Every structure is written in structure tokens, then in C-alpha cells.
Number of protein chains: 4
Amino acid sequence: MNTIGHIFRLTTFGESHGTAIGGVIDGCPSQLELDFDFIDSELLRRKTAQSSTASQRKETDRIEWLSGLLDGVTLGTPIAFMVRNEDCKPEDYKALKDVYRPSHADFTYEQKYGIRDWRGGGRASARTTLPIVVAGAIAKQILKEKGAQIIAGVIEMGDAEQARRDGDTVGGVVECCIKGVPSGLGEPMFGKFSAELAHAMFSLPAVKGFEVGDGFALAKMKGSEANDTFINRDEGRETRDGGRGTEVIGITTATNHSGGIQGGITNGNDVVFRVAFKPIPSIAKPQQTVNRAGETCQIAIEGRHDVCVLPRAVVLVEALAAMVTLDEMLLSV
Amino acid sequence: MNTIGHIFRLTTFGESHGTAIGGVIDGCPSQLELDFDFIDSELLRRKTAQSSTASQRKETDRIEWLSGLLDGVTLGTPIAFMVRNEDCKPEDYKALKDVYRPSHADFTYEQKYGIRDWRGGGRASARTTLPIVVAGAIAKQILKEKGAQIIAGVIEMGDAEQARRDGDTVGGVVECCIKGVPSGLGEPMFGKFSAELAHAMFSLPAVKGFEVGDGFALAKMKGSEANDTFINRDEGRETRDGGRGTEVIGITTATNHSGGIQGGITNGNDVVFRVAFKPIPSIAKPQQTVNRAGETCQIAIEGRHDVCVLPRAVVLVEALAAMVTLDEMLLSV
Amino acid sequence: MNTIGHIFRLTTFGESHGTAIGGVIDGCPSQLELDFDFIDSELLRRKTAQSSTASQRKETDRIEWLSGLLDGVTLGTPIAFMVRNEDCKPEDYKALKDVYRPSHADFTYEQKYGIRDWRGGGRASARTTLPIVVAGAIAKQILKEKGAQIIAGVIEMGDAEQARRDGDTVGGVVECCIKGVPSGLGEPMFGKFSAELAHAMFSLPAVKGFEVGDGFALAKMKGSEANDTFINRDEGRETRDGGRGTEVIGITTATNHSGGIQGGITNGNDVVFRVAFKPIPSIAKPQQTVNRAGETCQIAIEGRHDVCVLPRAVVLVEALAAMVTLDEMLLSV
Amino acid sequence: MNTIGHIFRLTTFGESHGTAIGGVIDGCPSQLELDFDFIDSELLRRKTAQSSTASQRKETDRIEWLSGLLDGVTLGTPIAFMVRNEDCKPEDYKALKDVYRPSHADFTYEQKYGIRDWRGGGRASARTTLPIVVAGAIAKQILKEKGAQIIAGVIEMGDAEQARRDGDTVGGVVECCIKGVPSGLGEPMFGKFSAELAHAMFSLPAVKGFEVGDGFALAKMKGSEANDTFINRDEGRETRDGGRGTEVIGITTATNHSGGIQGGITNGNDVVFRVAFKPIPSIAKPQQTVNRAGETCQIAIEGRHDVCVLPRAVVLVEALAAMVTLDEMLLSV
């Protein structure tokens, strides 16, 4: 299952040191003039993010568009794109070929497939999230036209510069806010808006926690504290005649402990959620582990590695949030 | 989307005060003699759980099996079942017909569908989770034969008895452990085992947070603290000849910060996760809200309501964990 | 996989002589006042159809609605319904318990599941198509409001009355026409409108052939004979300003060899297709076969059986055509 | 929906004169050493087929493998591949930019998407089936190891050489036989093996009919003629102890009117089906049509076009049959 989404669907492919990384977007609305500059700027956010805390691999990330476009306008057919893996030095990783790096996917991939691409983490590399940024940028462009906006930021992070000196890594938390999302998105039982977001966010490497609104803090509250009182911003003012008879506008919640989602469905207030990222498991410090023969051994992971996934993660969290929001909008039409 | 699962799939139906609540299980292995006593005991766990903290609605919860069985043995065809809603007093809810209860799904359902079943919360009622317990019990029975076991418990909860006196409610956290889960379950990109669990857990009412392993605490750790060192319990001992050549057995992790999942795939260690539940929004205390006409009003929710969803939630968390685990096993064969 | 559809989805359950036959419709638009009389009349078409050519089993087919409705109006939540199997005489079938009836599903079900419900054909009975009539009737009601209409009829059938005297059965062909279907339905590659129809029709028991437009006859034509010339019924008249700029209306095809589908997508002309049904395999004439022990034996199938599936099939073909058309409409919004 | 399959899934992309045509295969078993020579030979079958009846476009069809492989061995991760569109002369098609070619997808694509790629038919071009040949070749390789084999051939075709001289085109019928397919494949209700095959075959351009076994001819037969008598090739011989107790081997049908499928499930006999292709709509003869402005006009389609799709179609029918068979095998494990 390398596909996400119901109507707006992204299928991704590629290993860190294979020929190329890419994706196929199916279900993108037609007649959209793609904003390539914006897509590039989103990719740049991912790159720039790396400056201080991330690895020095030179990723030019030049997208080649393979299909689905006529003069830059979407045709409604699948939009395929790819980025070649150019600056590959697989020999850097040969030492790791037969060793299971702690808290990496080396062991689990091998358990699942009986084989793994040891070159740079293969499919489990953070590099494989690049297509998400591309699809997310397109989703954002469409959402913008519909009046919705996604903004994320790092709200918690360990001391990266100290960690780099120590040959260590740090984790952190990203908070994301979806503004202008219409009410009524999400399905009542197994496709709740919160469930779709959770599923998407857990697709990112290193994610270990997800919460909506006040999240885990709600577990410590009383109902009288946690409830979001409804108010009518326009009380006494006019109502709007929607297709379903007279419709009252202006109803929202005074507080937003719920994070914009009630009963799994958006209530029109900002959707707010947080995502917890563990520290990157590739550390320079020596660690004990076992090799494929089951023998205990020591490793110190050299090469180019991020100290913290957080700066890169912001644009990824936004991208997936945009994809989920657009997908739910297209589903609910 | 009232369906969950890929191979072992549950479709649920029913509103709190409609004719019946039920489900259809598609993809259950054939030739399984259902353990009806166990299914009943799981339903009883849900009921007993209610004793002190939950509502007094008399739910006999007698399952009627509609299809998919011959003399109690599964045929491989869809297993449909239902429980009639007998003790219904919809008039209790008439006062709430035109009022949006704070942090309930009244408003969002109406925004989505233009109509809502105001009788007892309708589809958004916790009662609609009953079919999950049934499907979960069947999944557990199959898992048990395969050597896997699911155990959950409440690890954090507010003071329920005090809350009841105050006309208030409390939230809490459930922790769940899946033991005996084979390594190699879960998909590498968008169907990670953790993502499937997250999606399932967020299908439960009142869930606002989910974390795997050390979860949000990992965000504060360094890589050297968070990494799970691999060890070989059987080092120097024999290896086993699997289908794929000589296979080393006995490899596991010394710690389990990862909660049994690395790169989205199970590593054979216990899968451990936590689910945060907000307090039930139905409180007896008077609250301010607005009605369908957009007018500010006061409500005090009477009727039979749980003080805390936690005791009921344990068996639900287990049930969904069992369903996800079985589904992934059937997918990975 | 007992589910059909993408947005408007039907999951069916039930065996011929189990407790009940039924279905769950997910994705039905909300706020629709169901026309129960029409649904009953569609079920009656199925019954009346039986008079001369069909079995005498007394099927009262009284639907019990289990969920998804409030005062007969759809809530947007799953609509579950069932019909109890009352007039069951499983003992009629005991003689067939260990024998594989020729061209029946006895053998294949046992190969697939290792077990089969021998009572009246179990899941493979034509009775299990009843839920399709219900879902189809609801789809037709919605389509009617959208200006589309489905009409099918038997265009070829063997001599049923002679066959009954001979203890034999006959097959035939149903032709179906979907009028008022908008252009632009269907997906370009793997979800062509024709492919969706073919998939749906092959879900009916005894279906062995399907063709669209001139179908197999097109294989014998030349391009110059088979092509449908475009014409403009309103040439020189006004154009309509659609959302996408000036839109020319009135374009259609002078002939309809294509059956309303070109490149897998509807062109606005009538969608026309035909479905071939084999004769019912349950014949009174003695036949040679083998039993579960692999021994050659003779059977003569007694009991109540149709002589021809065709009269029943008409409403089923219409029902599935309606479901597919509605589903594609909901997908294309 | 540009994806086909449940476990073994192909997503295709590309337009005739875009940058590239390609696909992503998800769910391919790992540790398979791809037989690239065989894949090339299958692509060559498609090319050679063209010699007398097909267009002269120089298609080198050199596949570039983008992901999912390590030294030619499958990793279990998505296998992406593409073929660049090199010999493109879009100017050939400019004359057709604003004209709807009769029985082509020009009009329907424009109705669906409000835009179309007029260069060589865009996504509706037969060239877009190339990825199916690639995925089919891989499926065949796996099936071969499992003892199954797919063989198709043209059993009916118009006079191609005469048609070429007349500036016309012809249609025909392909018959396909799947040998060595295990019994028990296919789902009982909406995922019948026949339904999956029908759906797949109708994904091919120009397909207008599909029948299994004796197909439409069965509609004219009596039950006593159409039924396939069961026999035991090994009667009196040994039985085999399967997992489910003693299993009788050797049971098959004396005739194969059913085409190897009964009740939608394979019975172990050869699966036999036929696919009807209409003549290619691109004919050199002048035709009347309308343009985008709704004005009647004449066209004579120049350029490189096949006279008959049949020779190319054989390998495509085989490829999709292989993909469906493998997918059902992987589902039924």
C-alpha cells in the first residue's frame, strides 16, 4: 500500500539510492494551471530546513513532470513526476549492509521482505517523503482557491546544536492548523476527519504520537472544562438561505479544545493537531546491535545524516494535512 | 465509510434509538467454530464496565446472528449480526432536538447531512460501537489460535465518583499491549502498522490522542536514549532454516521505546500504544449553547449518561487492536 | 468482497436458508424520503416474474428496515435492511449435501472454503440477489430526480414451458437501456463506465456474457460502418455558458453503435448493453456427477426451482445498472 | 481510477505524446529476479504484431526501471518504470485539435474534463496500454513458477489488407485460455473471477464484448446441454490428505461450457473467455462530424494508425488475464 487518499490519491515510489524517487497523483481536478514556482518553493523549504540541523547531501530535487499536463495545465489524468537520485554514494553504506541499525527499519524490512535495500535506508529513507511535498503543494494551491490554508510550525525540539556535537540526535513536536476548512468534512464512523489525519501523519518516518485539539491534556480535564460552548457570532443578524432551507450562519465555538473536530466531523473552526517525532535513530555515537548472523557487534553510523527531522517535518505535515483536507472536500461534494 | 479493514472487514450500522445496531463481517476465515460464550463475555465486559461510572440504560445486548454460519461454524461468507434497541425512550431526548450540545456531534452531523437523528445521539452514540466488540471478539479468538494476545487497561482516569456528584464527567488514557504479534506486519509507506492502529483508534468516540511506544515522550529524548538496541536471546545457539535460507532466530530489542514498530513494521516485540479519551461531553451541569435558530440558550443534559467512557473503552481498544492485527496478518500471508 | 460501489456502496449478506438475507447501503444521500411503495413494487416485479417460469417458493420478502432512517427519511448513515428466510425446508436439500450438482457452485465453494451451506444453494442461491433489488430501487428513485431512467427487457429466451415439461431449463439475453445519463461518466483507464457495468452484471448468478452497444457484432464490422457520426441537433442555435466558458449543447451521435460509451466514458446518448444468462443448472432430468468421496453417482434435482432466470433477471439488471450509474454520478460531482 | 488490482496493483500514467508512459506496480512479491528478456520479448510481441496491420510509429519502447529493484531483484516496494515518448510529431494532430473524431474519446474526455490532450489521442491512445504489457509479463513470470499459463489468440478478424487499401479498419475477437489455475479463486458475490476478468478486459481500448466459456451461446442452450458433468479422473485411486482432512483429488468436469468458472469461482478446469474488439475508429476515409464550435465538418484522419487492434490485443489480453489471476491467487492465500 503505497497509495494514500480516496479521490485525490498519491502513489509514491523510490528508494534513497535507486534510480529515482517519484509519485503519481490520481484524481487531481482538471484545468488547473500548476504553480511550479510554489512547488519549487515548498521543496526549497524542505531543503533550507536542513541548513543547520540536517544532513549535507546535495539534493537538487529537480522535478521532471512525466504526464497529466498540457502546457502546465492539469488534464484530469494521472500526474506522474520524478526526481533522479544523483548524488548517490552507496559505498558509504556498505558497512551497514549486514548490520541492523538500532530503531531503524533494517530489521523489520528484512523480516517482511526477506531482502532490503541497504543503500541509504532504501525505501525507509526520509528522502522518500519528497513526493508528498509535491502532492501537498498542489493540494495547497487548490485549497487556497477554496479559501483554506495550512500552517505548521515546530513547537518543541531538543537542543540540535549540542546534539550534533555529541554525535547524537533530538526529537520534537510539530503543531499544525488548518484554517478555513468547511464544516461537515469527515465520515461518522471509520473515516473520521481525525482518523484520516492520524493515518496520514503516521505515514511520516519517526512519528510516534498524534493528538487533536487539546489531545492528551483532555484526558485530565473534566467535561465542564473540556466542552466547547457554541456561540453565534452573528446572533440577531440575518440568516442565509442555503439549498436546505434557511441556514443559520455564524455558529462556531467559543473555545477550541476539540481542535475543530466533533464526532469525527469538522465544525468549521480551525483544525488543530500536533505530531510527535522521535529523534533520528542514526547517531554517530557507538551503539551495540546484532548483525544478520545474529552476532553482537558495535556500530557508529557515519555519513550524512540529519540531527533532527523536525525542520524538514513541518512542510511534510502541512503537505499531508493539505492532501487529507482536499481529499475530504472532494469526497463531500 | 462505515467499513474498516482490508481483508477482515467490518461494516457497521445503526443509530442509538433506531431499530437495531449491527454489523457485517466480511473476510472472516471459514471453518471457525465461533466461541459464542467468549463473545458474550466480551459484551459483558463492556456492560460490567458501566457499573459505577456508566449510564444505567438496560442494554441486554442479545446478539442475533443473521448469516455466515452453519451450526455455529463460519462459512467464509459475510457474518451479519444485530442487536435490537429495546429500552428506547426517545422522548428523553426531545428537549435536545433543536439544541446543539457542546462538544457533541449534533452540530457537525447537521452540517454534514442537513439532518440528524436527535434520539440519543443517533449514529454518534457510544452504543454504535457494540459491533466492534463482536468483531473484535472473533478476531481475538483467531489471534489466540495464532499465539497472539491483546491486553488493555486504564492507566489514567479522573475522579469519576466525584464527577458524578458534581454533574460532571472525566477523561483518561487506555494503554494496550499486543503480545505475540509476528514481525513483518504493516506496510512501508502509507499503511504502516502504527498508522492502521491510529486510524482504528480514532474511530472510537471521544478519542483525541494516540501514541506508540514512548510516544510524545520520545520528542524530548535524544537518539542515544530513544534507540532500542538489538540483542540476540539465542546468540551462539542454533539458527532455523526458513523458506528464505538460514534464518537467525532470537533477535529482539533490549528496550521497547519503539513500541514494537520500526519503520512502520512490527519487529516482533510487544506492540504498545496509548489512547487518550476526552471527558464525555454530556454533563448535567448547566451549559450555554445555541439552538438551530442560532439563539443563545442554556441546557442541562438529563437522562442516562456515562460519567466516564474509559471502562467501556478498554474492551473497544482491545477489539480494534485485534481486528487490525488479524487484518494485517491476513494481508501479509 | 461482498461490497459493490465506490460512493453508493452495497454490502450484502445472507444464505438461502440461513436466518435472513439483507444488505447495508453506505453513501446514500441524506434527506431522501424513501419511496417504500416503489421498493415493494420492484420486489413484486421480481416475484411476479416467477409466475410461469419460476419456482413456487413462497417468498413474502417483507423488508425490515434496521437503520439509517428517521421517519422514512435517509440520515446519510448506513441503511441496513433484511428479509427473514421463513419458508425454509432445508430437508429438501439433504440429498444434495454430499453431491456436487453439475454447473452449480457446490464444488467451487467447497474448494474455496472447505465448507459449504448445502441448504438451498446457500450463498450461491439466486435468493441472495434480493438486496440488489432494494438498493437498485433506491438508486432508481434518486436517478429519476436527476432525469435518468433505466429500462430492461428480455430480448431472447428459450421455450420455458416446453423445458418445464422436459424437466429442463433455458437461458436467454436481457437488454438494458439507460436514458438521460449525463456525458462524462466513467474513468479513462481502469474504471471505464463499460468496465463498471460489466463487473456489476457478472455479479449476477448465471451471467456468462456482456456486451455494450453493438458488442460482438462490432467485431465483424468495418470502422466506416461502426463509427458513430457526431451531429449537432441544435446547429446554428444558441450555446450555453457553462462554468468552463461557452459550451455547445446539442452534440450527440447520429447512430449508437457505441452504446453511449466512447473511450470508456458516457457520451450522453443512451447507454445500451446486453447480458447473456446460461440456463439454470438445476434440472429435474437425471444427471451423472460425483460425490464428495469422489464416487460417480446420479442425481435428479427435485424441489422448487426456476425454469429460467430471465424474468427475475430483468429487475436485477436494472437495479445494478441504476447503482452503477448513480455511483458514477456521485463520483463525478 | 488509474489503478487495477487488490494486492498486485498496477497504476499507470502517461499520454501518447506527453513526456513518458509508465506505471507503478505495488504488491509484487519480493525476492523475484525479474526476467528482463521475457519482458522485452512481450513488448516485442506487441511491436511485431504491428508489422502488417498496425501503424508505423517507431516505438523503441525501452523501459527505464525507476525503483523497487536491487540488482534486478524485487524488493517488495513499488516497482516504477517508464518509457519515454520519443518519436512524437504532435503537429500531425493539430488538424484534429478542434474536431471530434467519430467514435473516439475526444468528445467524452472533453465532456468529462473540460480539456483534452489532442496530441495523438492523449490518454486515450492505445499506447497507454504499454505498462499493462510490462506488469503482465511480471505476473506471467510468477504464474509460471506456480504452474499456471496464459495463452491467447485471434479467433476472428476482418480482412485487414483489404481494409488498409480502402482506408478502413476492422475488428475481431480474441480468445484466451488460462491453464493450471487452481480451484477456489474468486469471490462469491461482487468479486467473482468472471467479474474481475470482465472488468479488466473492458479496460482495454475498443473492447465492446466479453464472454466466459460458451458465453452468449449458452443463452440458446438448455440446462441439460449446458451443464458440465463432474467426473473423477482418479476414481478408485488414492486421496490426498489436505489440511482440511482427506481430500479427493482428480475431480474435474467432462465438458467446459462454464469456462472453468462456476458460481463465480474457478473449478480448476481451464478458464476460457473471449473478448470482442470493435474496428479502430481512426479511418482514412472521409467522415462527417462536428467541431468544438458545434459546426458540421468533414475529416479524413491522416497519420500513422493501425488497421486493426487485434494483433496488439493478444498480448494485452494475456497480460491482464495474468494480472487478475495472480492477484486472485495472492488474495486467496
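The structure presented is a predicted model; accordingly, all values stated were derived computationally and were not measured.

Enquirer: Would you explain the overall build of chain A in this entry?
Expert: Looking only at helices and strands, one finds eight helices and 19 strands in chain A. Against the compact-globule benchmark of 20 Å for 333 residues, chain A has a radius of gyration of 22 Å, which places it among compact chains. Relative to its 333 residues, chain A shows a buried fraction of 68%. Accessible surface for chain A amounts to roughly 10,900 Å². Of this, 47% is attributable to carbon and sulfur atoms. Within chain A, the 44 negative side-chain charges are centred at a point lying 5 Å from the centre of the 37 positive side-chain charges.

Enquirer: Looking at this structure, how should I read the relation of the copies chain A and chain B?
Expert: These two copies of the chain differ by a rotation about an axis and a displacement along the same axis. Between chain A and chain B, the superposition needs a rotation of 180° and an axial shift of 0.0 Å, giving an RMSD of 0.0 Å. Considering both components of the superposition, the chain copies are consistent with a two-fold axis.

Enquirer: Help me understand the pattern of salt bridges, please; the structure alone is not making it clear to me.
Expert: Two side chains carrying opposite charge are able to pair once their charged atoms lie near each other. All names here are of chain A. Inspection of every chain in the model, using the stated rule, returns 72 salt bridges over all chains. Of the charged contacts in the structure, one is a salt bridge between Arg-45 and Glu-42, with a shortest N-O distance of 3.2 Å. Of this pair, Arg-45 and Glu-42 both sit in helix H1 (residues 36–48), three residues apart, roughly one helical turn. The class for Glu-42 is buried, based on a relative accessible area of 4%.

Enquirer: Would you mind showing me how to read the relation of the copies chain D and chain B here?
Expert: Each copy of the sequence occupies a distinct position, and chain D is placed on chain B by a rotation of 180° and an axial shift of 0.0 Å, giving an RMSD of 0.0 Å. With an isologous cut-off of 70% or more, the 100% of interface residues of chain D that recur at the interface of chain B puts this contact in the isologous class.

Enquirer: Explanation requested: the interface of chain A and chain B in the structure shown.
Expert: How large an interface is tends to be reported as the accessible area lost when its parts come together. Counting from both sides, the interface comprises 100 residues of chain A and, opposite them, 100 residues of chain B. Summing both sides of the interface, chain A and chain B together bury roughly 8,300 Å²; the carbon and sulfur share of this comes to 59%. Per-residue buried area on chain A facing chain B is highest for Phe-190, Lys-208 and Phe-230 of chain A; these three make up 11% of the total on that side. For the pair chain A and chain B, the interface holds four salt bridges. Notably, a salt bridge pairs Lys-112 of chain A with Glu-187 of chain B, separated by 3.8 Å at the nearest N-O pair. Connecting chain A to chain B are 45 residue pairs in polar contact (both at pLDDT 80 or more). Tallying contributions element by element places helix H3 (residues 106–113) of chain A first for the side of chain A that touches chain B, with seven residues. In terms of residue class, the side of chain A that touches chain B is built from 41 nonpolar, 38 polar and 21 charged. Bridge count between strand S10 (residues 207–212) of chain A and strand S10 (residues 207–212) of chain B: three bridges; the pairing is antiparallel. Paired with Gly-209 of chain A across the two strands is Glu-211 of chain B, which belongs to S10 of chain B.

Enquirer: Mind showing me how you'd approach unusual backbone geometry here?
Expert: Trans is the prevailing form of peptide bonds, just as negative phi is the prevailing case for residues other than glycine. Unusually for a residue other than glycine, Ser-103 of chain A sits at a positive phi of about 60°. Tracing the backbone shows Ser-103 of chain A in the loop between strand S7 (79–84) and H3. For Ser-103 of chain A, a relative accessible area of 4% gives the class buried. Despite not being glycine, Ala-206 of chain C has its phi angle at roughly 75°, a positive value. By the secondary structure assignment, Ala-206 of chain C is in the loop between helix H6 (193–201) and strand S10 (207–212).

Enquirer: What is the right way to read a negative patch on the surface from this model?
Expert: Residues Glu-33, Asp-35, Asp-37 and Asp-40 of chain A make up a contiguous surface patch of negative charge. Mapped onto the elements, Asp-37 of chain A comes out in helix H1.

Enquirer: I tried to follow the sheet that holds strand S3 (residues 20–26) of chain C on my own but got confused; where do I start?
Expert: To summarise the sheet geometry, strands pair through backbone hydrogen bonds and adopt either a parallel or an antiparallel arrangement. Residues and elements named next belong to chain C. Here five strands make up an open sheet; going across it, the order is S1-S2-S3-S7-S4 and the pairing antiparallel. This sheet does not close on itself; its edge strands, each paired only once, are strand S1 (3–4) and strand S4 (64–65). Taken together, the two bridges between S4 and strand S7 (residues 79–84) define a ladder with antiparallel strand orientation. Opposite Trp-65, over in S7, you have Phe-81 as the bridge partner. Seen against the sheet, helix H4 (residues 130–145) touches strand S2 (9–13), S3, S4 and S7 and runs at an angle of roughly 35° to S3.

Enquirer: Would you take a moment to explain the interface of chain D and chain B for this structure?
Expert: Across the contact, five residues belong to chain D and five residues belong to chain B. Buried area between chain D and chain B, summed over both chains or domains, comes out near 480 Å², and the portion from carbon and sulfur atoms is 61%. At the boundary of chain D with chain B, the tally comes to zero salt bridges. Between chain D and chain B we count zero residue pairs in polar contact (both at pLDDT 80 or more) in total. For the side of chain D that touches chain B, the class distribution of residues is three nonpolar, one polar and one charged.

Enquirer: Help me out: how do you make sense of the side chain of Arg-9 of chain D in this one?
Expert: Following the sequence through the fold, Arg-9 of chain D ends up in strand S2 (residues 9–13). The side chain of Arg-9 of chain D is buried and forms no salt bridge, while Asp-26 of chain D, the nearest opposite charge, is found at 4.2 Å. In this structure the side chain of Arg-9 of chain D is engaged in a polar contact, spanning 3.3 Å, whose partner is the side chain of Thr-3 of chain A. When sequence neighbours within four positions are dropped, the list of residues in contact with Arg-9 of chain D reads Met-1 and Thr-3 of chain A together with Thr-3, Ile-4, Val-24, Ile-25 and Asp-26 of chain D.

Reading guide: rules and limits
Residues numbered from 1 in each chain as written. Chains lettered and ligands numbered in written order. Predicted model: local features only at pLDDT ≥ 70, side-chain atom pairs only at ≥ 80, totals over all residues. Heavy atoms only, no water. Helix = DSSP H or I, 4+ residues; strand = E, 2+ residues; numbered from the N terminus. Rg over C-alpha atoms; globule rule 2.2 N^0.38 Å. Buried < 20%, exposed > 50% of the residue type's maximum accessible area, 1.4 Å probe, protein only. Areas by Shrake-Rupley, 256 points an atom, 1.4 Å probe, with all protein chains shown as cover. Lys, Arg positive; Asp, Glu negative; His and termini not counted. Charge placed at Lys NZ, Arg CZ, Asp CG, Glu CD. Least-squares fit on C-alpha atoms with pLDDT ≥ 70 in both. Salt bridge = Lys/Arg side-chain N within 4 Å of Asp/Glu carboxyl O. Contact = heavy atoms within 4.5 Å. Buried area = accessible area lost by both parts, 1.4 Å probe. Polar contact = N/O pair within 3.5 Å; in protein donor to acceptor, adjacent residues only side chain to side chain. Nonpolar A, V, L, I, M, F, W, Y, C, P; charged D, E, K, R; others polar. Pairing = 2+ DSSP bridges. Patch = residues over 30% accessible without salt bridge, like charges linked within 9 Å, V, L, I, M, F, W, Y side chains within 5 Å. Axes fitted to C-alpha atoms, helices over the stretch in contact; angles between N-to-C directions.

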